[in-house]
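Residue strings, one per chain:
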Amino acid sequence: MARRASAAGSASKNGKKGSGFSASRLFDIASSGKEALDSMDGEVRIRVHVGAGCDRALALAAKEAFSAERPGGFVEVMWMEAPAATSADPDAAVLIGGPSEPGAGPLARFYLACGVPCAFVCESALDAPDLALDDASRRLYGVVAASSPAALAPNLAPWLARHVGNPIALAANFAFCRGAVVSRLASACAAENAAIGAIPLFPGSDFPVMCASQAKLALDIAAAYGNGLAPSRAVELAGVVGAGLAYRGVARAVAGVVPGLGWALRAGMGYAGTMATAKAVQGRFEAFSRGGAEKPAGPAPAAGSVPALSGPAGAPPEADAADKGGYLVIPRAEGGDLEG
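What counts, and at which threshold
- Residues numbered from 1 in each chain as written.
- Predicted model: local features only at pLDDT ≥ 70, side-chain atom pairs only at ≥ 80, totals over all residues.
- Heavy atoms only, no water.
- Salt bridge = Lys/Arg side-chain N within 4 Å of Asp/Glu carboxyl O.
- Helix = DSSP H or I, 4+ residues; strand = E, 2+ residues; numbered from the N terminus.
- Buried < 20%, exposed > 50% of the residue type's maximum accessible area, 1.4 Å probe, protein only.
- Arc of directions from axis to C-beta.
- Contact = heavy atoms within 4.5 Å.
- pLDDT = per-residue confidence, 0-100.
- Pairing = 2+ DSSP bridges.
- Right-handed = clockwise from strand over helix to strand, strands pointing away.
- Expected span 1.5 Å × (residues − 1).
- Bend = angle between axes of the 7 residues up to and from the residue.
- Phe/Tyr/Trp six-rings, centres within 6.5 Å; stacked < 30°, edge-to-face > 60°.
- Core = buried A, V, L, I, M, F, W, Y, C linked by side-chain atoms within 4.5 Å.
- Polar contact = N/O pair within 3.5 Å; in protein donor to acceptor, adjacent residues only side chain to side chain.

1. Things to note about the pattern of salt bridges
So, point 1. A full pass over the atoms with the stated rule returns five salt bridges.
So, point 2. Measuring nitrogen to oxygen at the nearest pair gives 3.6 Å for the salt bridge that ties Arg45 to Glu43.
So, point 3. The shortest N-O distance in the salt bridge between Glu69 and Arg178 comes to 2.7 Å. One end of the pair, Glu69, is in the loop between helix H2 (56-65) and strand E2 (73-79); the other, Arg178, is in helix H7 (residues 178-198), and 109 residues separate them in sequence.
So, point 4. With a relative accessible area of 26%, Glu69 lands in the partly exposed category.

Right under this line is the structure:
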């Protein structure tokens, strides 16, 4: 998850120490930018199993969604009956099948027993296998209902954002996950800033801490969109500080009209201001993505294929996997790759 500024500190005798941006706090923000860059370039591995009864359009939607944009993104696509342990454990396993999918239950239990988050994607939640899971496994398991191919990405993204250990790398690689990841990062930062605003350690201490936290959030959002450290980041950071000053002025003005509720106003402004700032920064990078004004660094792997749905239901997977530019495809003995 994103790093956040701590509210800890000690007041000086005049009660103003730490009320401004100290060198250590600025260094902390710079370090956070480096951490966000490292997270963006980290590896994220998703393993997708396609069932024999899977709807072809749903499989094609998965193929389009899981097209990694950075070298660190790796997707393995195989049939439901293919061996689960073909390489290193994935960060998440996604099983896509139809009603009463044979092999889905044992495969899901295998991943959950290994501590790998596993989601079963189907047209209706009623099609999911009935698994008897303990509490630990239940927290890692999810059923994602996609009644249409268009519903797959928006319904699957929040589950992946919750369960993948490096959500920034997840978002940097797979565009459909960016909204869900940014929403989680922003909510966590906003909750912390609300607490900072409600209980400041000394007068004026909340503003620099909140701004530092929001600056780190802006860097995390940039990394989630595949954009690292660059001179243009100064624009986002300047906007964060300017917005913080505006929110602080509003909170003070309202507090003067409604005395005794300053803590509640600071908390509310800390939460709402952080969420508004996150939306503004996210909108900036959404515009970059649509207009191509800023491109992710590094070569993007070519889109691969998912297994064909035309192979015989009982055919075993081939022994050799085909490496197709970021995808590891385990085809059936008969039947080609699914192209769309």
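2. Digging into helix H3 (residues 104-113)
So, point 1. Looking at H3, one finds that the buried residues are Ala104, Gly105, Leu107, Ala108, Tyr111 and Leu112. Buried residues of H3, viewed axially, fall in a sector of 165°; they line one side. In H3, the exposed positions that point more than 90 degrees away from the buried face belong to Pro106 and Ala113.
So, point 2. Where H3 is buried, its residues meet strand E1 (44-50), strand E3 (92-96), strand E4 (118-122), helix H4 (135-140) and strand E5 (141-145).
So, point 3. Positive phi appears at Gly115, one or two residues downstream of H3, with a value of about 80°.

3. What to know about the confidence of the model for the chain
When pLDDT drops low, the exact placement of atoms in the prediction is not to be read closely.
So, point 1. Counting all residues, the mean pLDDT for the chain is 74, and 62% of those residues have values of 70 or more.
So, point 2. Contacts of residues 293-306 to residues separated by more than four positions or lying in other chains number 43 contacts, the stretch itself having pLDDT below 50.
So, point 3. Taken as a whole, residues 330-340 scores under 50 in pLDDT and shows 52 contacts with residues more than four places along the chain or in a different chain.

4. Considerations on the pairing of E3
So, point 1. Here E3 lies mainly inside the structure; five of its five residues are buried.
So, point 2. In E3, alternate side chains face the same way, and those of Ala92, Val94 and Ile96 on one face and Ala93 and Leu95 on the other are all buried.
So, point 3. Both E1 and E3 contribute to a ladder of five bridges, which runs parallel. For His49, the partnering residue across the bridge sits in E3 and is Leu95.
So, point 4. Here E3 pairs with E4 via four bridges, running parallel. Residue pairing in the sheet places Ile96 in a bridge with Val121 of E4.
So, point 5. For the crossover from E3 across H3 to E4, the handedness is right-handed.

5. Thoughts on helix H5 (residues 149-163)
So, point 1. Taking 1.5 Å per residue, 15 residues should reach 21 Å; H5 reaches 22 Å between its end C-alpha atoms and fits that length.
So, point 2. When the local axis directions of H5 are compared, the greatest deviation, roughly 30°, occurs at Ala157, which is followed within four positions by the proline Pro158.
So, point 3. Looking only at H5, the buried set comprises Ala151, Leu152, Ala153, Leu156, Ala157, Trp159, Leu160, Ala161 and His163.

6. Overview of the packing of aromatic side chains
So, point 1. Under the criterion given, the structure shown has four aromatic pairs.
So, point 2. Here the aromatic rings of Phe66 and Phe174 are separated by 5.6 Å at their centres, their planes lie at 75°, and the arrangement is edge-to-face. Residue Phe66 is located in the loop between H2 and E2, and its partner Phe174 is located in the loop between helix H6 (167-173) and H7; the two are separated by 108 residues in the primary sequence. Judged on exposure class, the residue Phe66 and its partner Phe174 are both buried.
So, point 3. Of the aromatic side chains, those joined through ring pairs into one cluster are Phe66, Phe174 and Phe176.

7. Things to note about the nonpolar core
So, point 1. One finds Ile46, Phe66, Leu156, Leu160 and Phe174 to be the most contacted residues of the largest nonpolar core, which totals 56 residues.
So, point 2. When residues of this core are assigned to their parent elements, the largest contribution, eight residues, is made by H5.
So, point 3. If you look at the next biggest cluster of nonpolar residues, it comprises 16 residues, including Leu112, Ala128, Leu133 and Tyr141.

8. Describing the side chain of Asn227
So, point 1. Within the secondary structure, Asn227 sits in the loop between helix H8 (206-224) and helix H9 (233-257).
So, point 2. In this structure the side chain of Asn227 is engaged in a polar contact, spanning 3.2 Å, whose partner is the backbone oxygen of Tyr225.

9. Notes on the pairing of E1
For a regular strand, side chains alternate in direction, first toward one face of the sheet and then toward the other.
So, point 1. With respect to burial, E1 is a largely interior element, seven of its seven residues being buried.
So, point 2. Looking at chain direction, E1 and E2 are connected through seven bridges and run parallel. Within E2, the residue paired with Ile46 across the bridge is Val75.
So, point 3. Assessed by its sense of winding, the connection that carries the chain from E1 through H2 to E2 is right-handed.

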